[in-house]
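The residues making up each chain are set out below.
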Amino acid sequence: MTDILKISRGGRTNLNPPSEELSFEALQALVGPRSDMGRSGVGKSVSLKHILGFLKADSGQVIVDGEDVTDYSEAQFEEVRSKVTMVFQSGALFDSLTVRENISFPLDGQPGLTVEDIDEYVAKIAHMLEVETVLDKLPSELSTGMKRAVAIGRAFAQNPEAILYDEPTTMVDPIMAGHMGDLILRLKRAFHKTSIVVTHDTHLAKKLADSVVFLQEGRVTYFGPWAGFENSSDSFLKNFRLQDELIPALDVTL
């Protein structure tokens, strides 16, 4: 899937490039400062919400899979969301369903799938995400990191063309953050899905991304490969990298 997102001047996202087209193939990292770093949000998570129609742009365009979805109705966005799914920071799991039932939810009632088919898929994805030991637990019994892994499993069960990850390593400890990055990388290599990862963590971006989009004060100030981002002479980017380097990267498999 290409042309996942095109952002033109204006809009509630506060994104304001003259006519910036972001073509996403493989895995793209949407990087920028956190909203708790003394600045207002730069539009990373808001960009994802525009792709899925949870927010409407005041102007400009949102292009998904070659289609201009800027003025789509809620009913039209249902089709978009069948192709593009999002892993929310909170996980957004169904509290009353077990982990097994949460992962299988998108598969239930699908024509041609037997109960055995669904059980086999759930077992496969649970093993890949290392949650097979908690399949019969409720979300309330899980850690934040575990909830997020289950949410990723449910997203993949939908078999989308693209997956949007909203700050997948936020609100977890550094060891779990490193582990979440490993899981996403494992799924990237196994399924080759188009992905967009929103993060303020440059360690995660370097590990996962084929290319980086950096947002600063509502503008795309860098778009390209990691090497270009890492070697940029832009003073803000250099300072951002230096601050992030104070936090060591942890590559840990639990």
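Along every chain, residues carry numbers that run from 1 in the direction the sequence is written. Reporting of local features is limited, given that this is a predicted model, to residues whose pLDDT is at least 70; pairs of side-chain atoms are given and counted only at 80 or more, and all residues count toward the totals for whole chains, interfaces and linings. Each side-chain value is worked out from all heavy atoms of the structure, with water and hydrogens disregarded.

## Comments concerning the overall build of the chain
Right, so step 1: Each helix is a run of DSSP H or I of at least 4 residues and each strand a run of E of at least 2, with the numbering of both proceeding from the N terminus. Counting its secondary structure elements, the chain contains nine helices and ten strands.
Right, so step 2: Across the 254 residues that make up the chain, the buried fraction comes to 50%.
Right, so step 3: Accessible surface computed for the chain: about 12000 Å², of which carbon and sulfur atoms make up 50%. Note on classification: 1.4 Å probe, protein chains only; a residue is buried when its accessible area is under 20% of the maximum for its type, exposed when over 50%, partly exposed between these limits. Using a 1.4 Å probe, the Shrake-Rupley method yields the accessible areas, and only the shown protein chains count as cover for residues.

## Notes on the sheet that holds strand 9 (residues 211-216)
Strand pairing in a sheet is mediated by backbone hydrogen bonds. Such pairs are either parallel or antiparallel.
Right, so step 1: Criterion used throughout: strands pair if DSSP finds at least two bridges between them. If you trace the six strands from one edge of the open sheet to the other, you get 6-7-8-3-9-10, paired in mixed fashion. Each edge of the sheet is formed by a strand with only one pairing partner; in this case those strands are strand 6 (84-87) and strand 10 (219-224). Averaged over neighbouring strand pairs, the angle between their axes works out to 15° when direction is ignored.
Right, so step 2: Relative to strand 10, strand 9 runs antiparallel, the two being bridged by five bridges. When the bridges of strand 10 are listed, V213 appears paired with F223.
Right, so step 3: Contact definition: two residues touch when any of their heavy atoms are within 4.5 Å. Comment: axis = line fitted to C-alpha atoms, over the contacting stretch for helices; angle = value between 0 and 180 degrees taken between N-to-C directions. The strands that helix 2 (residues 74-83) touches are strand 6 and strand 7 (162-166); relative to strand 6, the one it contacts most, it runs at about 70°.

## As for the confidence of the model for the chain
Right, so step 1: The predictor attaches a confidence to each residue, and that confidence, scored 0 to 100, is pLDDT. In the predicted model, the chain carries a mean pLDDT of 79, and the fraction of residues at 70 or more is 81%.
Right, so step 2: Looking over the chain, one finds the lowest element-wise mean pLDDT in strand 1 (residues 5-8), namely 43, and the highest in helix 3 (residues 99-104), namely 95.
Right, so step 3: A low-confidence stretch, residues 250-254 stays under pLDDT 50, and its non-local contacts, those more than four residues away or across chains, total 17 contacts.

## Points about a negative patch on the surface
Right, so step 1: On the surface, a cluster of negative charge is contributed by E67, D68, D71 and E79.
Right, so step 2: Looking at where E79 falls in the secondary structure, it is placed in helix 2. To count toward a patch, a residue needs a relative accessible area above 30% and no salt bridge. Like charges then connect within 9 Å, nonpolar side chains (Val, Leu, Ile, Met, Phe, Trp, Tyr) within 5 Å. Salt bridge, as used here: a side-chain nitrogen of Lys or Arg that lies within 4 Å of a carboxyl oxygen of Asp or Glu. In this charge count, Lys and Arg are treated as positive and Asp and Glu as negative; neither His nor the chain ends contribute. To locate a charge, take NZ of a lysine, CZ of an arginine, CG of an aspartate or CD of a glutamate.

## With respect to the environment of I125
Right, so step 1: In this structure, I125 sits in helix 4 (residues 115-128).
Right, so step 2: Residues I125 and L187, spaced 62 residues apart in sequence, show a C-alpha to C-alpha distance of 9.4 Å.

## Quick notes on the pattern of salt bridges
Right, so step 1: By the definition in use, this model includes six salt bridges.
Right, so step 2: Salt-bridge contacts for E74 lead to R81; the nearest nitrogen and oxygen are separated by 2.5 Å.
Right, so step 3: Residue classification places R81 among the buried residues on the basis of a relative accessible area of 18%.
Right, so step 4: The partner of D210 in a salt bridge is K188, with the nearest N and O atoms 3.4 Å apart.

## Side note on the nonpolar core
Right, so step 1: Each nonpolar core is a collection of buried residues, namely Ala, Val, Leu, Ile, Met, Phe, Trp, Tyr and Cys, held together in the definition by side-chain atoms within 4.5 Å. Formed by 49 residues in total, the largest nonpolar core has its most connected members in I103, V131, I152, F156, Y165 and F214.
Right, so step 2: Not counting chain neighbours up to four residues away, the residues in contact with Y165 comprise L48, V87, I152, F156, I184, S195, I196, V197 and V198.
Right, so step 3: Among the nonpolar cores identified, the runner-up in size contains 19 residues, and M86, A162, V198 and V220 belong to it.

## Some points on the pairing of strand 3 (residues 27-31)
Along any regular strand the residues' side chains alternate between the sheet's two faces.
Right, so step 1: By the criterion of burial, strand 3 is predominantly enclosed, with five of the five residues buried.
Right, so step 2: Note that strand 3 and strand 8 (residues 194-199) share five bridges and pair parallel. Bridge assignment links A29 to a residue of strand 8, and that residue is V197.
Right, so step 3: With four bridges connecting them, strand 3 and strand 9 associate as parallel partners. Across the sheet, residue V31 finds its bridge partner in strand 9, namely F214.

## Comments concerning the environment of A190
Right, so step 1: With respect to the helices and strands, A190 occurs in helix 6 (residues 174-191).
Right, so step 2: Between the alpha carbons of A190 and M128 there is a distance of 9.6 Å; along the sequence they are 62 residues apart.

## Thoughts on helix 4
Right, so step 1: Expected span of a helix, by definition, is 1.5 Å for each gap between consecutive residues, and there is one gap fewer than residues. For helix 4, built from 14 residues, the straight-helix expectation of 20 Å at 1.5 Å per residue is met to within 8% by its first-to-last C-alpha distance of 20 Å.
Right, so step 2: Considered for burial, the residues of helix 4 that qualify are I118, Y121, V122, I125, A126 and M128. Viewed along the axis of helix 4, the buried residues span an arc of 155°, placing them on a single side of the element. Away from its buried face by more than 90 degrees, helix 4 exposes E116, E120 and H127. Relevant arc is that of directions from the helix axis to the C-beta atoms, nothing else.

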